[in-house]
Protein chains: 2
Amino acid sequence: MSILAVGTVAFDSIETPFGTAPRVLGGSASYLTLAARYFCPDVRLVGVVGRDFPDDYVQRFRDSGIDLRGLETDESGDTFHWKGRYHYDLNERDTLDTQLNVLVDFEPTLPEDYRSSQIVCLGNLDPAVQRHVLDQVDDPEYVLCDTMNYWIEHTPDSLRETLQRVDCLVINDSEARELANEPNLVQAADIIRDMGPETLIIKKGEHGALLFNGDTVFSAPAYPLEAIEDPTGAGDTFAGGLAGHLAQVGRYGADDLRRGIIYGSAMASFVVERFGPERLYHLNRELIVERARAFRELAAIPKLAPLQAA
Amino acid sequence: MSILAVGTVAFDSIETPFGTAPRVLGGSASYLTLAARYFCPDVRLVGVVGRDFPDDYVQRFRDSGIDLRGLETDESGDTFHWKGRYHYDLNERDTLDTQLNVLVDFEPTLPEDYRSSQIVCLGNLDPAVQRHVLDQVDDPEYVLCDTMNYWIEHTPDSLRETLQRVDCLVINDSEARELANEPNLVQAADIIRDMGPETLIIKKGEHGALLFNGDTVFSAPAYPLEAIEDPTGAGDTFAGGLAGHLAQVGRYGADDLRRGIIYGSAMASFVVERFGPERLYHLNRELIVERARAFRELAAIPKLAPLQAA
């Protein structure tokens, strides 16, 4: 199986209560691919960087075995740069600066080989660009998609068009409420799934994730970490682990999605332990399986005896 | 087994986006006892009401089989009255008015029979009053306690004194952060458990609950409801279901606590479906067991296969 991931490749300059990290490797496609590659040997990155993107960042992708033929370098400008500051409890952040740079004119042309990709991950981007990528894939088996408030507010019609072609939408709870214009998440899920995606995954950060699929709901916990250094990229890492697991098993059933969410959550629980994607360079499958199993223990509800007469 | 629950008995005047409910029966002791009685035949209420407390509210307790010998009527004043308004998404509320009334001089003297109570639930009250009740119980097997930001901020030393005598503290996430003065919940749990309670349960509303006990953590989901009419009393109802289950099994081990949290969560998921405690009058054990089982399905993580080599 192969995974094609399109999204941003960026510099992130991050401030948290625990320190600062200027110009670390960031972007949705970076986190997605660096996580997915632990599960799937054939991970293809589609993105753009500028003239200022350092060789050693490229080398890190290569060392991780990621196919970079879809990573374009636009010499006319600089790399997308996001600056943000997290609050005291890490649940909120302020964007201090966003320099889109070469991302403004990003309209990727996929390498010929990429047309046969089986799983497509549409990282958070202009929905028109997401469709432009989908148009170049012959017959994807499974399409995952992320988006954000900006596109929900500014390009709602274009976003709806993309959603009709998506199997699984992965967004956070505030985005779900805004997309559906409905505060209740269960009702919001119905409304969003009517827009196209058979499956909806709602990320709730430190509160885990909800899966709406078929007639059932799955509530996944978040791993209770002693120390979180930097939440940046957790959502994309989650999607990378999820897509990686689906690619590994080649199935998209309810149990596969539940397991995928747990592997995605495990990967996300690692990445927040260090600034940037640092933690994703040095994992191994034993560590990942161990963390995923800890989630099962964390969420295990013992068998319930029948309620005796009071 | 017997449960003694001390707390407020109140009028609540509630506004939510779905309607208003003036002067409905409220208070921590009300929700606690009305939930616990489905699990335990011997539930004893300790509280105070004023001269304006209607007979039919008293009758509702009686019809529910709750022992009211510990409910004092203070003819010198009116019943505690809380007025609040919930926001659009029900996750936040504003207190519009608080009339403490007869609660100001509440210093309960327990009926003699109550001294032998086995499980004691200290609802949110002045920590000195909580201790005053504990002083009158001969040898409680298990003490559960709730508190709130007001006591954390205004009577920290008194609260610490109470906590030393508590087996299980049940508070919400913002209270846990404030009590420990630590934003990370895992670290906050360590700090709080050092204050006395062997077990800490952190309620997270629509995000479920966390149990810190021994060396393990349990993450319980919340039930995804299509419609929530009024979140008032959910936390006390949760504590009532938890205490009820513990009384029913007469054990306080890790699995008992996990199951108790699920029964508590199930009770809370019912109570928010209607204004006030209305839903607690008409439940039965089949409905409760069915809801609790739905939690197991909701949180079930399928067995994880070993991660294959990528």
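Structure's up top.
Quick notes on the rules
Residues numbered from 1 in each chain as written. Chains lettered and ligands numbered in written order. Predicted model: local features only at pLDDT ≥ 70, side-chain atom pairs only at ≥ 80, totals over all residues. Heavy atoms only, no water. Pairing = 2+ DSSP bridges. Helix = DSSP H or I, 4+ residues; strand = E, 2+ residues; numbered from the N terminus. Axes fitted to C-alpha atoms, helices over the stretch in contact; angles between N-to-C directions. Contact = heavy atoms within 4.5 Å. Least-squares fit on C-alpha atoms with pLDDT ≥ 70 in both. Buried < 20%, exposed > 50% of the residue type's maximum accessible area, 1.4 Å probe, protein only. Salt bridge = Lys/Arg side-chain N within 4 Å of Asp/Glu carboxyl O. Polar contact = N/O pair within 3.5 Å; in protein donor to acceptor, adjacent residues only side chain to side chain. Nonpolar A, V, L, I, M, F, W, Y, C, P; charged D, E, K, R; others polar. Right-handed = clockwise from strand over helix to strand, strands pointing away.

A. A look at the sheet that holds strand β5 (residues 67–74) of chain A. Residues and elements named next belong to chain A. Strand order in this open sheet of 9 strands is β5-β4-β1-β8-β9-β10-β11-β12-β13, and the pairing throughout is mixed. The sheet is open, and its two edges are formed by β5 and β13 (216–220), each paired on a single side. Between one strand axis and the next, the sheet turns through 15 degrees on average, direction left out of account. The pairing of strand β1 (residues 2–6) with strand β8 (residues 119–122) spans 4 bridges and is classified as parallel. Bridged to Ala5 within β8 is Cys121. Where helix α6 (residues 173–180) meets the sheet, it contacts β10 (168–172) and β11 (199–203), and its direction lies at approximately 110 degrees from that of β10.

B. Spotlight on the relation of the copies chain B and chain A. Relative to chain A, chain B is turned by 180 degrees and slid 0.0 Å along the rotation axis, the superposed coordinates differing by an RMSD of 0.0 Å. The symmetry that links the two subunits is that of a two-fold axis. Most of the interface of chain B is mirrored in chain A, where 100% of its interface residues are also at the interface.

C. Highlighting the environment of Leu210(A). All names here are of chain A. One can find Leu210 in strand β12 (residues 209–213). Among the residues examined, Leu210 registers a relative accessible area of 7% and is labelled buried. In this structure, the C-alpha to C-alpha distance between Leu210 and Leu144, residues 66 residues apart in sequence, is 15 Å. If near-sequence neighbours (up to four positions away) are discounted, Leu210 is found in contact with Leu185, Leu200, Ile201, Ile202, Lys204, Val217, Phe218 and Ser219.

D. Looking closely at the sheet that holds strand β7 (residues 93–99) of chain A. Residue and element names in this part refer to chain A. On the basis of which strands lie adjacent, the open sheet formed by 4 strands has the order β3-β2-β6-β7 and mixed pairing. Whereas interior strands pair on both sides, the edge strands pair on one side only; in this sheet they are β3 (19–26) and β7. Neighbour-to-neighbour, the strand axes of the sheet open up by a mean angle of 15 degrees, direction not taken into account. Two strands pair when backbone bridges link them, and strand β2 (residues 10–16) and strand β6 (residues 81–86) are joined in this way by 5 bridges, in the parallel orientation.

E. Representation of the interface of chain B and chain A in the model. The partner chain A presents 56 residues to the 55 residues of chain B that form the contact. Inspection of the chain B/chain A interface yields 4 salt bridges. The residue Arg258(A) makes a salt bridge to Glu297(B) at a minimum N-O spacing of 3.6 Å. Here chain B is connected to chain A by 22 residue pairs in polar contact (both at pLDDT 80 or more). It is helix α10 (residues 285–299) of chain B that contributes the most residues to the side of chain B that touches chain A, 10 residues altogether. The class makeup of the residues in the side of chain B that touches chain A is 30 nonpolar, 8 polar and 17 charged.

F. How the structure looks around the pairing of strand β9 (residues 142–145) of chain B. All names here are of chain B. Side-chain alternation along β9 places Tyr142 and Leu144 on one buried face and Val143 and Cys145 on a second face that is also buried. Examined bridge by bridge, strand β8 (residues 119–122) and β9 share 4 bridges and lie parallel to one another. From the neighbouring strand, Leu122 faces β9, where its bridge partner is Cys145. Each parallel crossover has a hand, and for β8 linked through helix α3 (residues 127–135) to β9 it is right-handed. Bridge count between β9 and strand β10 (residues 168–172): 2 bridges; the pairing is parallel. Pairing of Leu144 across the sheet is with Cys168, part of β10.

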